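Remarks on the overall topology
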Amino acid sequence: MDIETFPNPNPERNYTIQHIQEEFTSTCPMTGHPDYATVVFSYAPDEVCIELKAMKLYLHSFRNKGIFFEAATNQIFEDLFDVCKPRWARLETIWRGRGGIRSNVIVEDAQEGYDGPTTFPFSA
């Protein structure tokens, strides 16, 4: 699936954007049960920004996919990072508890030499 972008309206400025998807669903490959998470993508855009409807549709594509938390988080991060090539980015997945255990998975990367703003880890 293509994740659409649009030109950054302020490429001369270092600033951050934070997109929060509170209704992410995938499927546990072991049990077949649904897994629910909040997905938080924070980034400092460079040349382009991610178009929200395209991001929403991309995240919905995981709904029936059997995938572990760690694999889902890393796949989403790689796909979003590859398409928008941000100066800095962090993806956090905050998974709902099952069996008394909750999980958060966080991936972060930056262009070499980036020393601009970042965001604090998300807290609901």
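Everything numeric here is computed off the predicted structure, so don't read it as measured data.

Quick look at the sheet that holds strand β6 (residues 101-110)
On the basis of which strands lie adjacent, the open sheet formed by four strands has the order β2-β3-β5-β6 and antiparallel pairing. The sheet is open, and its two edges are formed by β2 (17-27) and β6, each paired on a single side. Within this sheet the neighbouring strands show an average axis-to-axis angle of 15°, counted without direction. As paired elements, β2 and strand β3 (residues 34-44) share nine bridges and run antiparallel to each other. Looking at the pairing, histidine 19 lines up with phenylalanine 41 of β3. Relative to the sheet, helix α2 (residues 69-84) contacts β2, β3, β5 (88-98) and β6, its axis offset from that of β5 by approximately 155°.

Structural notes on the packing of aromatic side chains
Tallied over the full model, the rule gives six aromatic pairs. Seen from their ring centres, phenylalanine 41 and tyrosine 43 are 5.0 Å apart, and the 25° between their planes marks the pair as stacked. Note on tyrosine 58 and phenylalanine 62: the rings are 5.4 Å apart at their centroids and 85° apart in plane angle, and the pair reads as edge-to-face. Assigned by exposure class, tyrosine 58 and phenylalanine 62 land together as buried. Through a chain of ring-to-ring contacts, the aromatic side chains of Phe24, Tyr58, Phe62, Phe69 and Trp95 assemble into a single cluster. Taking the ring centre of phenylalanine 62 as reference, the NZ or CZ of lysine 65 above it sits at 4.6 Å.

As for the UniProt feature "active site" (unreviewed entry) in the protein chain
Residues annotated by UniProt as "active site" (unreviewed entry) correspond here to Cys28 and Asp35. In this structure, cysteine 28 sits in the loop between β2 and β3. Every residue in contact with cysteine 28, bar those within four places of it in the chain, is listed here: His33, Asp35 and Arg98. Tracing the sequence through the fold places aspartate 35 in strand β3. In this structure aspartate 35 comes out as buried when scored by relative accessible area, which is 3%. Aspartate 35 has contacts with Phe24, Thr25, Ser26, Thr27, Cys28, Phe69, Trp95 and Arg98, leaving out every residue within four places of it along the chain.

Conventions and cut-offs
Residues numbered from 1 in each chain as written. Predicted model: local features only at pLDDT ≥ 70, side-chain atom pairs only at ≥ 80, totals over all residues. Heavy atoms only, no water. Pairing = 2+ DSSP bridges. Helix = DSSP H or I, 4+ residues; strand = E, 2+ residues; numbered from the N terminus. Axes fitted to C-alpha atoms, helices over the stretch in contact; angles between N-to-C directions. Contact = heavy atoms within 4.5 Å. Phe/Tyr/Trp six-rings, centres within 6.5 Å; stacked < 30°, edge-to-face > 60°. Buried < 20%, exposed > 50% of the residue type's maximum accessible area, 1.4 Å probe, protein only. Lys NZ or Arg CZ within 6 Å of the ring centre and 35° of its normal. UniProt positions renumbered as here; feature names shortened; annotations may be inferred.

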